[in-house]
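# Structural overview
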Amino acid sequence: MRTTDPIKDKEDVKKLLDFYRQEKHCSLRNYLLIATGLFTALRISDILLLKWSDVLTKDGKVGDYITVKEKKTGKVNRIAVNKRLKKAFERYMRKNDDTEGYIFKGRDKSKPLHRTQAYRIVKKSGK
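The structure presented is a predicted model; accordingly, all values stated were derived computationally and were not measured.

Basis of the calculations
Residues numbered from 1 in each chain as written. Predicted model: local features only at pLDDT ≥ 70, side-chain atom pairs only at ≥ 80, totals over all residues. Heavy atoms only, no water. Core = buried A, V, L, I, M, F, W, Y, C linked by side-chain atoms within 4.5 Å. Buried < 20%, exposed > 50% of the residue type's maximum accessible area, 1.4 Å probe, protein only. Helix = DSSP H or I, 4+ residues; strand = E, 2+ residues; numbered from the N terminus. Contact = heavy atoms within 4.5 Å. Salt bridge = Lys/Arg side-chain N within 4 Å of Asp/Glu carboxyl O. Phe/Tyr/Trp six-rings, centres within 6.5 Å; stacked < 30°, edge-to-face > 60°. Lys NZ or Arg CZ within 6 Å of the ring centre and 35° of its normal. Expected span 1.5 Å × (residues − 1). Arc of directions from axis to C-beta. Polar contact = N/O pair within 3.5 Å; in protein donor to acceptor, adjacent residues only side chain to side chain.

## Focus: the nonpolar core
With 31 residues, the main nonpolar core has Leu-32, Leu-33, Phe-89, Ile-103 and Phe-104 as its most contacted residues. Of all elements in the fold, only α1 (10–18), α2 (28–40), α3 (44–48), α4 (52–55), β1 (65–69), α5 (83–95) and α6 (115–126) reach the threshold of two or more residues within this core. Setting aside chain neighbours within four positions, we find Ile-103 in contact with Leu-32, Leu-50, Lys-51, Trp-52, Val-55, Phe-89 and Tyr-92.

## Thoughts on the pattern of salt bridges
For the structure shown, the criterion picks out two salt bridges. Linking Glu-70 and Arg-43 is a salt bridge whose minimum nitrogen-to-oxygen distance equals 3.6 Å. With Glu-70 in the loop between β1 and β2 (76–80) and Arg-43 in the loop between α2 and α3, this residue pair connects regions lying 27 residues apart in the sequence. The closest approach of N and O atoms between Asp-64 and Lys-86, which form a salt bridge, is 2.8 Å. Taken together, the residues Asp-64 in the loop between α4 and β1 and Lys-86 in helix α5 connect sequence positions 22 residues apart. For Asp-64, a relative accessible area of 45% corresponds to the partly exposed category.

## Description of the packing of aromatic side chains
By the definition in use, this model includes two aromatic pairs. With a centroid separation of 6.3 Å and 75° between ring planes, the pair formed by Trp-52 and Phe-89 is classed as edge-to-face. Taken together, the residues span a long stretch of sequence, with Trp-52 in helix α4 and Phe-89 in helix α5 at a distance of 37 residues. The exposure class assigned to Trp-52 is buried, which follows from its relative accessible area of 1%. Residue Phe-89 is classed as buried on the basis of its relative accessible area, which comes to 0%. When the ring of Trp-52 is compared with that of Tyr-92, the centres are 6.1 Å apart and the planes differ by 20°; the resulting orientation is stacked. Of this pair, Trp-52 sits in helix α4 while Tyr-92 sits in helix α5, and the two are 40 residues apart along the sequence. In this pair, the class of Trp-52 matches that of Tyr-92, namely buried. By way of ring pairs, the aromatic residues Trp-52, Phe-89 and Tyr-92 are connected into one cluster. The ring of Tyr-102 carries the charged tip of Lys-51 above its face, separated from the ring centre by 5.0 Å. The positively charged end of Arg-78 is found above the aromatic ring belonging to Tyr-65, 3.9 Å away from the centroid.

## So, α5
For α5, built from 13 residues, the straight-helix expectation of 18 Å at 1.5 Å per residue is met to within 8% by its first-to-last C-alpha distance of 18 Å. By the burial criterion, the buried members of α5 are Leu-85, Ala-88, Phe-89, Tyr-92 and Met-93. Taken around the axis of α5, the buried residues stretch over an arc of 130°, which confines them to a single face. Exposed residues pointing more than 90 degrees away from the buried face of α5 are listed as Lys-83, Lys-87, Arg-94 and Lys-95. Packing partners of the buried residues in α5 comprise α2, α4 and β1. For α5, the capping residue at the N-terminal end is Asn-82, with a side-chain oxygen 3.3 Å from the backbone nitrogen of Arg-84.

Structure below.
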């Protein structure tokens with residue numbers, strides 16, 4: 001994997017985020033993946049390991065915080081979820097009736113999406 005530079009222009013960030021909301025490229029999973037990265041500043045390794053139990057409250061609703069045990073540091077963090085990200089989680093949850101296990105599932109539904117595939121998703125929207 002290559003290193004990347006931060007996007008500093010707000011318009012470029014908006015374009016990156018909205019790429020997978022367009023009818024031509026519509027994918028709620030990919031949109032949520034990018035939105036989670038932008039709004040939480042988590043490493044991709046931590047995003048891919050997110051489970052619904054990290055996001056949902058006991059009532060089964062999207063909470064105001066995500067609880068994450070960071071893979072690299074081993075620290076447990078509680079990250080606030082803004083309104084836009086919360087809506088994205090809710091939309092994705094309504095589309096997928098499955099709220100068990102990983103949020104970003106790969107082809108094998110029991111495993112998370114692989115880093116390489118996540119890289120391709122972000123790269124495609126970046127172009």
